[in-house]
Amino acid sequence: MKTSVLASLAALLLVSPVWAQGDGASAADTSDSSELLRRDDPDNTPERGPLSSEPGSTVVLRGLDKVTARTRDFEIAIGDTVDFGALSITAQYCRKRPPEETPETYAFLQINDRRTDGFGVDVEGEQIFSGWMFASRPAQNPLEHPVYDVWVIDCTA
């Protein structure tokens, strides 16, 4: 039992994403072409070679309120935060591949579930999602919330 738990923990440490390792990878780096990159960008791999697209400045998301069955599309400028129901969504990065490549749009989002003290005053919420969301694979890294769904639609310049 102890061996399997230790093996599982070791496997988690080996496959942890770059941004979670605390080596400053979550901050944007500057490359030779002065393009802002995230080291943990899914397309920033040695196998792919140089990136053929620029990071976007605005991510387009769609939110679903499961209680009312209403959807809302909204745009978030990179670095800004938008409220959707009880969620606060911050867009950190997005990229859209050019049409000549395999289509993909993805964004790095941080989502907090805001809370109130019972009298309508906001108190510190809980971060419920921090990671990459892909437009072509919304179920791969989903937001797990009992009331809301959020997914990536587009990334614009």
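Residues numbered from 1 in each chain as written. Predicted model: local features only at pLDDT ≥ 70, side-chain atom pairs only at ≥ 80, totals over all residues. Heavy atoms only, no water.

Peer 1: Would you explain the packing of aromatic side chains in this entry?
Peer 2: Two numbers describe a pair of aromatic rings. These are the distance of the centres and the angle of the planes. According to the stated counting rule, one finds six aromatic pairs in the structure shown. Summarising the aromatic geometry, the rings of Tyr106 and Trp132 are spaced 5.6 Å apart at their centres and angled 70 degrees between planes, so their arrangement reads as edge-to-face. With Tyr106 in strand S7 (residues 105–116) and Trp132 in strand S8 (residues 122–134), this residue pair connects regions lying 26 residues apart in the sequence. Geometrically, the ring pair formed by Phe108 and Trp132 is edge-to-face, given 5.3 Å between the ring centres and 75 degrees between the ring planes. Pair noted here: Phe108 is in strand S7 and Trp132 is in strand S8, with a separation of 24 residues, a long-range link. Residue classification places Phe108 among the buried positions, given a relative accessible area of 3%. Each residue in the set Tyr93, Tyr106, Phe108, Trp132 and Phe134 is aromatic and connected to the rest through ring pairs, giving one cluster. The side chain of Arg137 reaches across the aromatic face of Phe134, ending 4.5 Å from its centre. (Phe/Tyr/Trp six-rings, centres within 6.5 Å; stacked < 30°, edge-to-face > 60°. Helix = DSSP H or I, 4+ residues; strand = E, 2+ residues; numbered from the N terminus. Buried < 20%, exposed > 50% of the residue type's maximum accessible area, 1.4 Å probe, protein only. Lys NZ or Arg CZ within 6 Å of the ring centre and 35° of its normal.)

Peer 1: Is there a simple way to think about the environment of Arg114 in this case?
Peer 2: Checked against the element boundaries, Arg114 lands in strand S7. Excluding residues that lie within four positions of it along the chain, Arg114 makes contacts with Asp83, Gly85, Ala86, Leu87, Ser88, Asp122 and Gly125. Polar side-chain contacts of Arg114 include one of 3.1 Å to the side chain of Ser88. (Contact = heavy atoms within 4.5 Å. Polar contact = N/O pair within 3.5 Å; in protein donor to acceptor, adjacent residues only side chain to side chain.)

Peer 1: Explanation requested: the pairing of strand S6 (residues 87–96) in the structure shown.
Peer 2: It is a general feature of regular strands that their side chains alternate between the two faces of the sheet. Extensive coverage of S6 is indicated by the burial of eight of its 10 residues. Bridge analysis of strand S5 (residues 81–84) against S6 gives four bridges, and the strand direction is antiparallel. Residue pairing for S6: Asp83 is matched across the bridge by Ser88. Linking two consecutive strands that pair antiparallel, namely S5 and S6, is a turn of two residues; a positive phi of about 60 degrees is found at Gly85 within it. (Pairing = 2+ DSSP bridges.)

Peer 1: Please clarify how unusual backbone geometry should be interpreted in this entry.
Peer 2: Residues other than glycine predominantly adopt negative phi, and peptide bonds predominantly adopt the trans conformation. Despite not being glycine, Ala69 has its phi angle at roughly 65 degrees, a positive value. By the secondary structure assignment, Ala69 is in the loop between strand S3 (58–65) and strand S4 (70–77).

Peer 1: Sorry if this is basic, but what is going on with the state of the cysteines here?
Peer 2: Working definition: the covalent bond between the sulfur atoms of two cysteines is a disulfide. A complete count under the given rule lists one disulfide for this structure. Across the disulfide from Cys94 sits Cys155; the S-S distance is 2.0 Å. Here the S-S torsion is close to 65 degrees, and the disulfide linking Cys94 with Cys155 is therefore right-handed. Of this pair, Cys94 sits in strand S6 while Cys155 sits in strand S9 (residues 148–156), and the two are 61 residues apart along the sequence. The burial state of Cys94 is the same as that of Cys155; both residues are buried. (Disulfide = S-S within 2.5 Å.)

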